[in-house]
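Letter by letter, the chains look like this.
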Amino acid sequence: MPAIPALSYSSFRTYQECPLRWRFLYIDRLPETPRGYFTFGRVVHSVLEELVAPLVVPSARRVSENDRQRTLDEWHKAPAGSTAPAHLMSSEELLAAYERAWSSEGYTSPEEESRYRALGREILLRYYDFLVRERPLPISVEEHLEARWDGIPVHGYIDRIDRTPAGGLEIVDYKTSRDLSNEDARDSDQLSLYQVLVESNYAEPVEGLTLYHLRSLTPLRVAPRERAELAGLHDRLGTVVDGIRAEAYEPTPGRQCARCDFQDRCPEFRSVPPADGDRLRALVDRFESLRAEENRLEGELRRTAEELHRAAEELGVHRVPGSRSVAVRRREEAWQYSLDPVRPLLERSGLSHRVTSGTPEEVRRLVRDATVDPEVRRRVAETGARRVKWYWDLESENNP
Ligand code: SF4
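Residues numbered from 1 in each chain as written. Predicted model: local features only at pLDDT ≥ 70, side-chain atom pairs only at ≥ 80, totals over all residues. Heavy atoms only, no water.

**Some remarks on the overall build of the protein chain**
- What the protein chain contains, in helices and strands, is 12 helices and 8 strands.
- A compact globule built from 400 residues should have a C-alpha radius of gyration of about 21 Å, whereas the protein chain, at 33 Å, is more than 25% larger.
- On the principal axes, the C-alpha backbone points of the protein chain span a range of 100 × 75 × 40 Å.
- Burial status across the protein chain gives 38% buried among its 400 residues.
- The long-range share in the protein chain, meaning contacts at least 24 apart out of those at least 6 apart in sequence, stands at 73%.
- Accessible surface, the protein chain as shown: approximately 23,800 Å² in total, 50% of it carbon and sulfur.
- The positive charge centre, built from 59 side chains, and the negative charge centre, built from 69, are 4 Å apart in the protein chain. (Helix = DSSP H or I, 4+ residues; strand = E, 2+ residues; numbered from the N terminus. Rg over C-alpha atoms; globule rule 2.2 N^0.38 Å. Buried < 20%, exposed > 50% of the residue type's maximum accessible area, 1.4 Å probe, protein only. Contact = heavy atoms within 4.5 Å. Areas by Shrake-Rupley, 256 points an atom, 1.4 Å probe, with all protein chains shown as cover. Lys, Arg positive; Asp, Glu negative; His and termini not counted. Charge placed at Lys NZ, Arg CZ, Asp CG, Glu CD.)

**Brief notes about the nonpolar core**
- Within the largest apolar cluster, 37 residues are counted, with the highest numbers of intra-cluster contacts made by Val-198 and Leu-237.
- Where this core is concerned, the elements lending two or more residues are helix 1 (9-17), strand 1 (138-149), strand 2 (152-163), strand 3 (169-175), helix 7 (189-201), strand 4 (206-213), strand 5 (218-222) and helix 8 (227-245).
- Contacts of Val-198, omitting those with residues within four sequence positions, involve Leu-145, Ile-158, Ile-161, Leu-169, Ile-171 and Val-206.
- Counting residues in hydrophobic clusters, the runner-up holds 27 residues, among them Leu-55, Met-89, Tyr-98 and Val-172. (Core = buried A, V, L, I, M, F, W, Y, C linked by side-chain atoms within 4.5 Å.)

**Side note on the sheet that holds strand 7 (residues 325-337)**
- Read from one edge of the open sheet, 3 strands run 6-7-8, paired in antiparallel fashion. Pairing within the sheet leaves two strands with one partner each, and these edge strands are strand 6 (319-321) and strand 8 (384-396). This sheet shows a mean twist of 20° between the axes of neighbouring strands, independent of strand direction. (Pairing = 2+ DSSP bridges. Axes fitted to C-alpha atoms, helices over the stretch in contact; angles between N-to-C directions.)

**So, the sheet that holds strand 4**
- With respect to topology, 5 strands assemble into an open sheet ordered 1-2-3-4-5, the strand pairing being mixed. Sheet topology places strand 1 and strand 5 at the edges, where each strand pairs with a single neighbour. Looking at each pair of strands side by side, their axes are set apart by 40° on average, direction ignored.
- In the sheet, strand 1 pairs with strand 2 via 10 bridges, with the strands oriented antiparallel.

**What to know about the side chain of Glu-204**
- Within the element layout of this structure, Glu-204 appears in the loop between helix 7 and strand 4.
- Polar side-chain contacts of Glu-204 include one of 3.0 Å to the backbone nitrogen of Arg-61. (Polar contact = N/O pair within 3.5 Å; in protein donor to acceptor, adjacent residues only side chain to side chain.)

**A word on the environment of Leu-297**
- Secondary-structure assignment places Leu-297 in helix 9 (residues 274-315).
- Taking relative accessible area as the criterion, Leu-297 reaches 44% and is therefore assigned partly exposed.
- For the pair Leu-297 and Ala-118, spaced 179 residues apart in the sequence, the C-alpha separation amounts to 68 Å.

**As for the pairing of strand 2**
- In terms of residue burial, strand 2 counts as a mostly covered element, since 10 of its 12 residues are buried.
- Taken together, the 4 bridges between strand 2 and strand 3 define a ladder with antiparallel strand orientation. Paired with Asp-162 across the bridge in strand 3 is Glu-170.
- Here strand 2 folds back onto strand 3, and the loop between the two strands holds 5 residues, one of which, Gly-167, carries a positive phi near 95°.

**Comments concerning the packing of helix 1 against helix 8**
- It is the contact of helix 1 with helix 8, at a shortest axis distance of 10 Å, that shows an interaxial angle of 70°. Classed by the angle they form, the pair helix 1 and helix 8 counts as roughly perpendicular. The handedness of the crossing between helix 1 and helix 8 comes out as left-handed. Only Leu-233, Arg-236, Leu-237, Val-240, Gly-243 and Ile-244 of helix 8 make contact with helix 1, whose side of the interface consists of Phe-12, Tyr-15 and Gln-16.
- Its residues placed into classes, the contact of helix 1 with helix 8 shows 6 nonpolar, 2 polar and 1 charged. (Parallel < 35°, antiparallel > 145°, perpendicular 65-115°, else oblique. Left-handed = near helix turned anticlockwise from the far one by under 90°. Nonpolar A, V, L, I, M, F, W, Y, C, P; charged D, E, K, R; others polar.)

Given below as structure tokens:
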């Protein structure tokens, strides 16, 4: 059984999208082609880390090493607040740091690179003004946190954790992407996972989750997730862990294929080798003919059985001898109850809980229950209808 690696958000999402791509990336460790927008995001993140790091006052209380891991049911008590002194680099120093960090990796043309470069400069200068004005109280930047969340190992790098005025913690994740909405923050599994990581490593409560849209300097802030929302993510992480444990790495084609570097290794895209082309082409042609024949025979079988049924009905017989065997008419029957019309009656009689699934067995138990009002039983029984399905069996003439 393979060891389960700690899941990051991107590892989790990759497996959900396509387990085979996950295997290529996280087991085979195949490199991906660099892409300009990823390089850009990485550079901006690293300069923001350099900018904000001097402001960090690690004033929050860490969960002690000896503390057992908290579970979904356990939540923190609010601590006292704290303040942070600040030392900020100048805007010139910021731009110099940006130039030092810049990488040309992955851009498709000099024009694209220079467009991104100018955008990064603009984003950083505007963010710098915001920082001077707002002075957040960061307690950590780019911190790597790990946890074992009810048995599932998870980890992640948190862009920024701030102290809130009330003494709690706010998780901030920078986004350099073009568009971002409140729904993105509300539905973000990434923020949910970060909440779990911070809750597991810090004693203070998480009071806010923020996706920070850098292009518009807009913080999209939402309340921390409720227990039920986190439980849903835990279930999905558990499904991924089960898949990895079972070494289930099936290709799952979708929109993600457009940015997948492994199409030449993927059964969904790989071509048949020329040496096997003729043999496989003949097999496909034969399969296609047989499938057409199967459909034709199925139709013919159905029409013959229907004709036999009509004749058997007219003559009132259930056994029809052929030359080699006897066709025997059989039936399958089932009862179906449509309880919708009597639901209000069942509710008024306090009997709704007796027919939750509506299966015939469940309804019959109620109908036969002598302790139930006979009128209710009659009305429920009347919603039932008997469905009969006829079919033909073949028996050998000498061996019925
Ligand atoms: S090409 Fe598509 S289906 Fe194949 S591994 Fe990549 S993402 Fe998965």
